[in-house]
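Below are the chains, spelled out letter by letter.
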Amino acid sequence: MKAIWKITLREFKIIASKRSYFVILLIFPPVVFLLYSFIYNSQGLKNIPIAVWDEDKTELSRFLIRQYQSSPMVTIVANPTSANDIENLARKNEIHGAVHIPKNFEANLKSFKGSTVTFYRNTSNLIFGSMLYKAFAQVTLTINAGILLERFKATGVEPETAMNLANPIRLHVNSLYNPTYNYQNYLVPGLMTVGFQMMLIMIAVLIINSEWENNTYNKLLQMSNGSTITLLMGKTFPHFIIGLINVVLMFGVFYAVFNIPINAEVVPLMVLFSMLILACLAIGIMVSVIFTEALMASDLALFYTSPAFVFSGFTFPKWAMPWYDQFYASLMPYTPFLMGFFKVYQMNAGWNSLLPDLIHLGWFILIPYSIAFAVLKIKNTRVLSDGEVRSWKIGVRRDVETKN
Amino acid sequence: MLKSILIKLTLREASRVAKDHTLILSLLFAPIFYAFFYGSIYINKTEKEVSIIIVDNDHSDASRTFIRMIDESQIVEVAIVTEDMNEAKLQFLHTKVQGIVHIPKNFEADLKGIKGTDVKMFLNTSRFLPSNDINQTVHEIALIIGAGVRLKYHQMHGSNSTQSLERAMPVSIDDHTLFVLPSTYGGFLLPGLLLLILQQTFLIGMTESIAREREQKTVRNWLKQSGGSIWKSIWGKSLFFLILYAAYSLFFHVVNYHVLDLPINGSIGLLVVLLTVFFLVLAMFGTFFGTLFSKEIWALQFFAFSSYPIFLASGYSWPLFTLNPVIQAFAFILPTTPVLEAYIGVVYKNASIIDIQYNLAHLLLLGFCYGGLAWWRMKKLSTLEISAQSNEV
């Protein structure tokens, strides 16, 4: 226990004195958290520039245009006179969509004939594309329902029946967990956590090999009394504590300042984060033990961690990916963490629901630590079998024998 | 003279890369691996089989038709049909399904009796894409069934088929996609992603290489081989990266675009011009940042953490004009911002040079600024090297 504590203190001193450790563990997290929170601070998408091509120029077409204009999502900035004009404006990024109201729009509707309104959407940006469709469709369907209602009433149908004919299936949508489709509440927690796991792994890959590079490993082994487990525990503990501090910073400061709601209970949330921290440290330490060159280990860590966000199924669901990508996703601790995080953070689901993800994360702690232990044990035996360390090991044994 | 110095420095760089396995990993393995690996996620382009559970309390022909129509849709899959709302809630909480649709008792009877019926839908909006897809699909199907109810009503009241159809849906919608574009998530993300892979691996490789010069104290040798000229030393190193990334660009646009079935609607000539200007700017950007790091590993760490913030701030995923002014200012100084807009313009929208003139001007401005900064940093480094040399003497 004393040896673990000594190594822990030593590691804290290393973190405080090494510039790259200090920057990545203590400076980068708040900077990156702040940056992500700022990026999506505006929250909603409003006033998307669109054009209206009105070929009818009647009272009804103008009414329709006023309805589009009243949607907070769009703002009408141009009045083109052809489809070509619309394409040219979109090409210059002056508009992201357009509506075309055809000739005889009012006349056709008055004479009980149908009329077609065309939506032009720039789908090269999916966000604009889907938001505009929603805004356009909402207005047009409301107008449709209004026209139907008036027509049915005009033919002597009871108002209630007319309403039921205009809208036979009343669809009541209950959007749970992020009802306003707030982009900040959706994306920022994911971005913060993915950045967090990346920082943990990028530093963890340097924990052991830096000792070899700096020729301080023998001293470390001496402090651990030759015990691999003591060494691993002493090295892990400070990083675990700093990880937890960053979690508290994330929720206690940034969520509060940027009004990101948390539906979670503290205990399952902290358990989940603790397991993520340990899993990242375990993987990093395993790499650090195997690859003695720090730069090479960092390169590998970068390749391994940087795809975590897209592969985890955060923005694009896992089930839509090919099987090999799904398999790769399952090899990263961020994937089960994210599943659990959604359940805890937004859905406030119970332990039962969280358990499979915790078990999955548990494997990421158990397997890499076991590998790291085995490899380090072999390397320690080699170190102990020659030179300096062997002599102090013998010295320790002699002391013990003398005491006995 | 200039030509021979540039060739000499390019060969020197190639030899340094060949001897450094981390640079080989960053420059030769990473771009190809990332391009195929990331690209493969979106190979299906759009999500499919978004699972929902349906609570059917009616068990009628109409409810079964409603369920069948949802299940036959391109994206949504009806995973379970049940009568028990509690079971549905459990499946929903365990995230086995992304939504619940509840069909009430008397669904068919109420539709036939023109009483209207209330269908409830519960969506897990913690993720946008699946919830949006379910919402849109179920809405569209409800509208189709609603139009069918009106169609029957009009037919029963003496209208012929055409009149009934027109009267059932007075204003119909024609949804038209601008340009010839894949309106899918993969289609939207992949071009930006491929360009970002090129950018980040270029920057990691170049900054690592320059930081390594400092770490291994070979700056003097680098400058000596350029005849003491700062610009020649910068261009000599950059030329290697420019040649390598010209090859990658060709490969990505021929092979990856083909494999991922992405269109190139614009002029190839303009694309070449845009990418050339972009890589020249990146060379200046990379030189400037590379000289700031005295250790290779620091350069790697810095650019490893910069990928996500750079991409997100560039306005590709969320429109730039809605972002915080501080972030907009940050985005302005990144080459990623103008190049992504121009790149999508050329590749997808068949934009002309006039359409992307401001993006090109923005890129050139950044090129001059970072070029100046790169020169200043290199000058400083050379001064340090000379003073180090005189101290040694």
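Keep in mind that this is a model prediction, so the values were computed, not measured. Within any chain, residue numbers begin from 1 and follow the written order of that chain's sequence. The order in which chains are written sets their letters, starting at A; the order in which ligands are written sets their numbers, starting at 1. For this predicted model, a pLDDT threshold of at least 70 governs which residues receive local features, and a threshold of 80 or more governs which side-chain atom pairs are given and counted, while totals over whole chains, interfaces and linings are taken from all residues.

Enquirer: Looking at this structure, how should I read the overall build of chain B?
Expert: Runs of H or I in DSSP of at least four residues are treated as helices and runs of E of at least two as strands, each being numbered from the N terminus. Counting its secondary structure elements, chain B contains 15 helices and five strands. Relative to the globule expectation of 21 Å for 393 residues, the C-alpha radius of gyration of chain B, 29 Å, shows a markedly less compact shape. The dimensions of chain B, computed from C-alpha atoms along their principal axes, are 105 × 45 × 40 Å. Three exposure classes are used, all based on how many other C-beta atoms lie within 10 Å of a residue's own C-beta (placed from the backbone): buried at 20 or more, exposed at 12 or fewer, and partly exposed between those limits. Of all 393 residues assigned to chain B, the portion counted as buried reaches 47%. Here, residues touch in the contact sense if the C-beta positions derived from the backbone fall within 7 Å of one another. Counting only contacts in chain B whose residues sit at least 6 apart along the sequence, the fraction spanning at least 24 positions is 77%. Computation of the radius of gyration draws on C-alpha atoms, with the globule rule given as 2.2 Å multiplied by the number of residues to the power 0.38.

Enquirer: Can you walk me through the domain arrangement of chain A in this structure?
Expert: Often, the extent of an interface is quoted as the loss of accessible area upon association of its parts. One can read the domain layout of chain A as domain 1 (2-40 + 182-403) and domain 2 (48-166). Domain delimitation follows an automatic or database domain assignment. Taking only C-alpha atoms, the centre of domain 1 of chain A and the centre of domain 2 of chain A are 53 Å apart.

Enquirer: Looking at this structure, how should I read the pairing of strand 2 (residues 76-82) of chain B?
Expert: Regular strands have side chains that alternate between both faces of the sheet. Residue and element names in this part refer to chain B. By the convention used here, strands pair only if DSSP detects at least 2 bridges between them. The pairing of strand 1 (residues 50-56) with strand 2 spans six bridges and is classified as parallel. Across the sheet, the residue bridging to Val50 is Val76, located in strand 2. Following the chain from strand 1 across helix 3 (residues 61-71) to the adjacent parallel strand 2, one finds a crossover that is right-handed. We call a crossover right-handed when, viewed with both strands directed away from the observer, the connection leading from the first strand over the helix to the second proceeds clockwise.

Enquirer: How do you make sense of the interface of chain A and chain B when you look at a structure like this?
Expert: At the interface, 91 residues of chain A touch 89 residues of chain B. Sorting elements by how many residues they give to the side of chain A that touches chain B places helix 6 (residues 126-154) of chain A first, with 11 residues. Its residues placed into classes, the side of chain A that touches chain B shows 53 nonpolar, 29 polar and nine charged. Sheet topology places strand 5 (residues 169-176) of chain A next to strand 4 (residues 117-124) of chain B; eight bridges connect them, and they run parallel. Bridge pairing links Leu171(A) to Val119(B) in strand 4 of chain B. Each residue gets one label: Ala, Val, Leu, Ile, Met, Phe, Trp, Tyr, Cys and Pro are nonpolar, Asp, Glu, Lys and Arg are charged, and the others, such as Gly, are polar.

Enquirer: Just to check I follow, could you spell out the environment of Val17(B) for this structure?
Expert: All names here are of chain B. Tracing the chain through its elements places Val17 in helix 1 (residues 2-19). Distance in space between the C-alpha atoms of Val17 and Ser209 is 7.9 Å, their sequence separation being 192 residues. When neighbours within four sequence positions are excluded, Val17 is seen to be in contact with Leu23, Ile24 and Leu27.

Enquirer: Looking at this structure, I do not really get the sheet that holds strand 3 (residues 99-103) of chain B. What am I missing?
Expert: Two strands in a sheet stick together by hydrogen bonds in their backbones, pointing the same way (parallel) or opposite ways (antiparallel). The five strands lie next to each other as 5(A)-4(B)-3(B)-1(B)-2(B), forming an open sheet whose pairing is mixed. The open sheet has two free edges, formed respectively by strand 5 of chain A together with strand 2 of chain B, since each of these has just one partner strand. Neighbouring strand axes in the sheet, compared pairwise and without regard to direction, differ in orientation by 25° on average. The pairing of strand 1 of chain B with strand 3 of chain B spans five bridges and is classified as parallel. By the bridge assignment for strand 3 of chain B, Asp56(B) is matched with Ile103(B). Note on method: axes are straight lines fitted to C-alpha atoms, helices fitted across the in-contact stretch only, with angles between N-to-C directions ranging 0 to 180 degrees. Relative to strand 2 of chain B, helix 3 of chain B is tilted by about 145°, and along the sheet it contacts strand 1, strand 2 and strand 3 of chain B. Along the sheet, helix 4 (residues 85-93) of chain B makes contact with strand 1, strand 2, strand 3 and strand 4 of chain B, crossing strand 1 of chain B at roughly 165°.

Enquirer: Before we go on, may I ask you to explain the nonpolar core in this structure?
Expert: The nonpolar side chains of soluble globular proteins are, as a tendency, buried together. In this usage, the nonpolar core is the set of buried Ala, Val, Leu, Ile, Met, Phe, Trp, Tyr and Cys residues whose C-beta atoms join them within 7 Å. Formed by 174 residues in total, the largest nonpolar core has its most connected members in Ala279(A), Ala282(A) and Ile285(A). Among the elements that make up this core, the one with the highest residue count is helix 8 (residues 185-215) of chain B (16 residues). In contact with Ile285(A), other than residues within four places in its own chain, are Ala204(A), Ile207(A), Ile208(A), Leu232(A), Thr236(A) and Ala372(A). Core analysis: the next-biggest nonpolar cluster, separate from the first, contains 27 residues, Val74(A), Ala90(A), Val117(A) and Phe136(A) among them.

Enquirer: How should the pairing of strand 2 (residues 74-78) of chain A be read in this particular structure?
Expert: Residue and element names in this part refer to chain A. In this structure, strand 1 (residues 48-54) lies alongside strand 2, joined through four bridges in parallel fashion. Following the sheet pairing, Ile48 is matched in strand 2 by Val74. Taken together, strand 1, helix 3 (residues 59-70) and strand 2 form a β-α-β motif whose crossover is right-handed.

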